[in-house]
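# Inside the fold
For reference, the chains in residue letters:
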Amino acid sequence: MAKEVKLLGFWTSPYVYRVEWALKLKGVDYEYLEEDIFNKSTRLLELNPIHKKVPVLVHDKKVILESHVILEYIDETWEQNPLLPKDPRERAMARFWAKYGDEKLLSAWKATWLKGEEKAKAVEESIEALEKIEEELKEKKYFEGEGIGYLDLALGWIAYWLPVMEKVGSMQLLKEEKFPAITSWISKFLSHPVIKDKLPPWDELVVYFDEKREARYNSYYPKQREN
Amino acid sequence: MAEELKLYGTWVSPFSRRVELALKLKGIPYEYIEEDLHNKSPDLIKYNPIHQKVPVLVHNGKPIVESLVILEYIDETWKNNPILPQDPYQRALARFWAKFIEEKILPLAMKVTNSEEKEKEKVVVEMFQLMKVLEGELNGKDFFGGESIGYVDIVATIIAVWFQVTQEVIGVKIVSEEKFPVLFKWIEKLKSIDVVKECIPPRDKHITYVKARIEAALLKSAPN
């Protein structure tokens, strides 16, 4: 019998994983469909003609796009194990930090393939962002308190993808001594039963991002040609 | 206990004006504080240390920032005259279109204003494509929200008003009646709503402001 929930994804995408974590936390049964984003299928292009990206959630023929929008849809449709807090102000804070986080994810990624002063600037920007996130986390077990929630999922890239970027970009952003709260949160997050069983394979992920980094570097700094 | 609600904004910011529109639609009383962004108040910096931008909504002393986040906060705190639909799927669609406007249309609009002549044509074509997509979403409805204005209409006032002014100043027509009849009609309907009129910058002042900003930008980028 066909599953009523389908998720189109790509094995390296932190945006896809946050949706899978949400579905698993809620105990929602779903079918995962791997998409080759370098050779986009008709299925993907029909479901997301505007952005042509994953994740795409299909629920009972309804198509939901954009990872943050999908997370909220999941939270509102399956009410068990709520992801977002109840209080409007706390919800606003979670949404704010989720958006902030994604902006800084891109900064950290840029830092991997830039060089010289541009790299230094991107690294500085990323560290500043981590400092603000460290302050937001403080002594809480998870971002919203005792239990894992929306913001942990939205910032989950820090726990796993950021170390990958540090490695391929030959840089250190998350020094333990400087970020005790984030370091402690990372270890809790990665050992959570749902999260630890749903992470991309580390070595392959490093190879993938290293290749991407090199490709970006070469296109951004084209070799000088002889006349 | 009296509610204390303050909104920090500017008369010309589409982002703070959209928050005002939401508050007015719900009939929520608030104190408005006009910010001078060239001389930011200590309060603004205190309430929005990360971005130091408007709008900032301060409710009982606690700040909420980012206009889309503020709109959802308002809708969740004051439940009369809902801005977002009730159904989760309709809400997801509304959020998607708001993001489309913020993350795809707005940055491209800035490129239209700021790009050199030779690049401008290409950017304008891209813009037409995006606007066609947005127009498709209206699809027979009076407003994005259906029979009355909702979240997406509020977010899209930037297109209905601010784009029109900039386009008039720079002489590039994006939303013309011939090219986008449905969108054009929506703009007319939106601008005729009283509460929306209250949240639009005075036209002449707005035109003067945009002209001055564009001139200043040209001066900054002119070769010595």
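Residues numbered from 1 in each chain as written. Chains lettered and ligands numbered in written order. Predicted model: local features only at pLDDT ≥ 70, side-chain atom pairs only at ≥ 80, totals over all residues. Heavy atoms only, no water.

### Looking at the overall build of chain A
Within chain A one finds 10 helices and 4 strands. In chain A, the succession of helices and strands from N to C terminus is β-α-β-α-β-β-α-α-α-α-α-α-α-α. For 227 residues, the compact-globule formula gives about 17 Å, and the C-alpha radius of gyration of chain A, at 18 Å, lands near that figure. Expressed as a percentage of the 227 residues in chain A, the buried residues total 53%. When contacts within chain A are restricted to residue pairs at least 6 apart in sequence, those whose partners lie at least 24 apart make up 70%. (Helix = DSSP H or I, 4+ residues; strand = E, 2+ residues; numbered from the N terminus. Rg over C-alpha atoms; globule rule 2.2 N^0.38 Å. Buried < 20%, exposed > 50% of the residue type's maximum accessible area, 1.4 Å probe, protein only. Contact = heavy atoms within 4.5 Å.)

### Quick notes on the sheet that holds strand β1 (residues 5-9) of chain B
Residue and element names in this part refer to chain B. Strands sit in the order β2-β1-β3-β4 across an open sheet of 4 strands; the sheet is mixed. Each edge of the open sheet is held by one strand with a lone partner, namely β2 (31-34) and β4 (62-65). Each neighbouring strand pair of the sheet contributes to a mean axis angle of 20°, computed without reference to strand direction. For β1 and strand β3 (residues 56-59), the ladder comprises 4 bridges, and the chain directions are antiparallel. Counted as the bridge partner of Y8 is V56 from β3. (Pairing = 2+ DSSP bridges. Axes fitted to C-alpha atoms, helices over the stretch in contact; angles between N-to-C directions.)

### Considerations on the interface of chain A and chain B
Facing the 24 residues of chain A at the interface are 24 residues of chain B. In total, about 2200 Å² of surface goes out of reach between chain A and chain B, with carbon and sulfur atoms giving 69% of it. If you sort the residues of chain A by the area they bury against chain B, I50(A), R89(A) and F96(A) come out on top, with a joint share of 25%. Across the contact surface, chain A and chain B share 8 salt bridges. With its nearest N and O atoms 3.2 Å apart, the salt bridge here joins R95(B) to E76(A). Taken together, the connections running from chain A to chain B amount to 9 residue pairs in polar contact (both at pLDDT 80 or more). For the side of chain A that touches chain B, the elements supplying multiple residues, two or more each, are β4 (62-65), α3 (67-77) and α4 (88-113) of chain A. Ranked by residues supplied to the side of chain A that touches chain B, first place goes to α4(A) with 10 residues. Among the residues making up the side of chain A that touches chain B, the classes are represented as 11 nonpolar, 3 polar and 10 charged. (Buried area = accessible area lost by both parts, 1.4 Å probe. Salt bridge = Lys/Arg side-chain N within 4 Å of Asp/Glu carboxyl O. Polar contact = N/O pair within 3.5 Å; in protein donor to acceptor, adjacent residues only side chain to side chain. Nonpolar A, V, L, I, M, F, W, Y, C, P; charged D, E, K, R; others polar.)

### Considerations on the side chain of D75(A)
All names here are of chain A. Structurally, D75 is set in helix α3. In this structure the side chain of D75 is engaged in a polar contact, spanning 2.6 Å, whose partner is the side chain of K26. The residues touching D75, leaving out its near neighbours within four places in the chain, are K26, N81, P82, L83 and L84.

### Overview of the environment of K178(A)
Residue and element names in this part refer to chain A. Along the polypeptide, K178 turns up in the loop between α7 (157-168) and α8 (180-191). Judged by relative accessible area, K178 falls into the partly exposed class, the value being 43%. A sequence separation of 47 residues divides K178 from E131, and the C-alpha atoms of the two residues are 8.5 Å apart. Beyond its immediate stretch of four places on either side in the chain, K178 contacts I127, E131 and E134.

### Some remarks on a negative patch on the surface
Taken together, the side chains of E116(B), E117(B), E119(B) and E126(B) define an acidic patch exposed on the protein surface. Relative to the elements of secondary structure, E126(B) occurs in helix α5 (residues 117-138). (Patch = residues over 30% accessible without salt bridge, like charges linked within 9 Å, V, L, I, M, F, W, Y side chains within 5 Å. Areas by Shrake-Rupley, 256 points an atom, 1.4 Å probe, with all protein chains shown as cover. Lys, Arg positive; Asp, Glu negative; His and termini not counted. Charge placed at Lys NZ, Arg CZ, Asp CG, Glu CD.)

### Comments concerning the side chain of E20(A)
Relative to the elements of secondary structure, E20(A) occurs in helix α1 (residues 14-25). With residues up to four places along the chain from it excluded, the contact list for E20(A) reads L7(A), Y30(A), Y32(A) and K198(A).

### A short note on the nonpolar core
In this structure, I158(A) and W185(A) are the most contacted members of the largest nonpolar core, which totals 157 residues. The leading source of residues in this core is helix α4 (residues 88-114) of chain B, at 13 residues. Residues contacting I158(A), with those up to four places away along its chain left out, are L130(A), I133(A), P163(A), L174(A), I182(A), W185(A) and I186(A). (Core = buried A, V, L, I, M, F, W, Y, C linked by side-chain atoms within 4.5 Å.)

### Side note on α7(A)
Residues and elements named next belong to chain A. Taking 1.5 Å per residue as the helical rise, α7 with its 12 residues ought to reach 16 Å, and the 15 Å between its terminal C-alpha atoms agrees with that figure. Most of α7 sits out of view: 10 of its 12 residues are buried. Among all positions in α7, only W157, I158, A159, Y160, W161, L162, V164, M165, E166 and V168 are buried. On its buried face, α7 sits against α1, α4, α5 (116-137), α6 (150-154), α8 and α10 (202-220). Just downstream of α7 lies S170, where phi reads positive at about 45°. (Expected span 1.5 Å × (residues − 1).)

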